[in-house]
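Below, each chain spelled out in residue letters.
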Amino acid sequence: RISWFESYLNYLRKLNVSTGLPKKNFTDMLRNSFLKAPQFSHFQEDIIFSKKYNDEVDVVASRMFLVAKTMETNREELYDLLETLRRLSVTSKVKFIVFNPS
């Protein structure tokens, strides 16, 4: 997987900052520190922010890539994985889309 979230949590740990930050601090540090660092700036297009009525900023959408390692002979496993993820996308509190170009 390639995830801005995982990288961000590692970034906070390296700075010795608690990953249990209040929401505003978590989002402010994400926008104003993590995404501005050159080694993490490529994640900027993976996160969509929105300002609320009180000028607080929320993450309203993000993307993460999950790479399934399968061989041509195991296409059935890939199919099963995709079907499982699609079922989860319907029932999960976290909304997500399952996409596979093949």
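The chain goes by Patched 1 in an unreviewed UniProt entry, where it is assigned to Canis lupus familiaris.

A. Geometry of helix H1 (residues 4-14). Along H1, the residues that are buried comprise Trp 4, Tyr 8, Leu 9, Tyr 11 and Leu 12. Along H1, the residues classed as buried sweep out an arc of 155° about the axis, all on the same side. The N-cap residue of H1 is Ser 3: its side-chain oxygen and the backbone nitrogen of Phe 5 are 3.1 Å apart. In the segment just after H1, Asn 16 is the residue with positive phi, at about 60°.

B. Structural detail: the packing of aromatic side chains. For the coordinates displayed, the defined rule picks out nine aromatic pairs. Taking 6.3 Å as the distance between ring centres and 50° as the angle between the ring planes, the aromatic pair formed by Phe 5 and Phe 26 counts as tilted. Residue Phe 5 is found in helix H1, and its partner Phe 26 is found in helix H2 (residues 23-34); the two are separated by 21 residues along the sequence. Measuring from centroid to centroid gives 4.9 Å for Tyr 8 and Phe 26, while their planes differ by 75°, and the two rings are edge-to-face. With Tyr 8 in helix H1 and Phe 26 in helix H2, this pair connects stretches of sequence that are 18 residues apart. The rings of Trp 4, Phe 5, Tyr 8, Tyr 11, Phe 26, Phe 34, Phe 40 and Phe 43 are connected pair by pair, giving a single aromatic cluster. The ring of Phe 49 carries Arg 31 above its face, with NZ or CZ at 5.6 Å from the centroid.

C. Main features of a nonpolar patch on the surface. Together, Leu 88, Val 94 and Phe 96 line one region of the surface with nonpolar side chains, adding up to about 260 Å² of accessible area. Following the sequence through the fold, Leu 88 ends up in helix H3 (residues 75-91). Given a relative accessible area of 42%, Leu 88 falls into the partly exposed group.

D. Unusual backbone geometry, seen in detail. You will see that Asn 16, though not glycine, has its phi angle at about 60°, which is positive. Within the secondary structure layout, Asn 16 lies in the loop between H1 and H2. The backbone of Asp 55 shows a phi angle near 70°, a positive value even though the residue is not glycine. In this structure, Asp 55 sits in the loop between strand E1 (47-51) and strand E2 (57-62). With a relative accessible area of 57%, Asp 55 lands in the exposed category.

Rules used throughout
- Residues numbered from 1 in each chain as written.
- Predicted model: local features only at pLDDT ≥ 70, side-chain atom pairs only at ≥ 80, totals over all residues.
- Heavy atoms only, no water.
- Buried < 20%, exposed > 50% of the residue type's maximum accessible area, 1.4 Å probe, protein only.
- Helix = DSSP H or I, 4+ residues; strand = E, 2+ residues; numbered from the N terminus.
- Arc of directions from axis to C-beta.
- Polar contact = N/O pair within 3.5 Å; in protein donor to acceptor, adjacent residues only side chain to side chain.
- Phe/Tyr/Trp six-rings, centres within 6.5 Å; stacked < 30°, edge-to-face > 60°.
- Lys NZ or Arg CZ within 6 Å of the ring centre and 35° of its normal.
- Patch = residues over 30% accessible without salt bridge, like charges linked within 9 Å, V, L, I, M, F, W, Y side chains within 5 Å.
- Areas by Shrake-Rupley, 256 points an atom, 1.4 Å probe, with all protein chains shown as cover.
- Salt bridge = Lys/Arg side-chain N within 4 Å of Asp/Glu carboxyl O.

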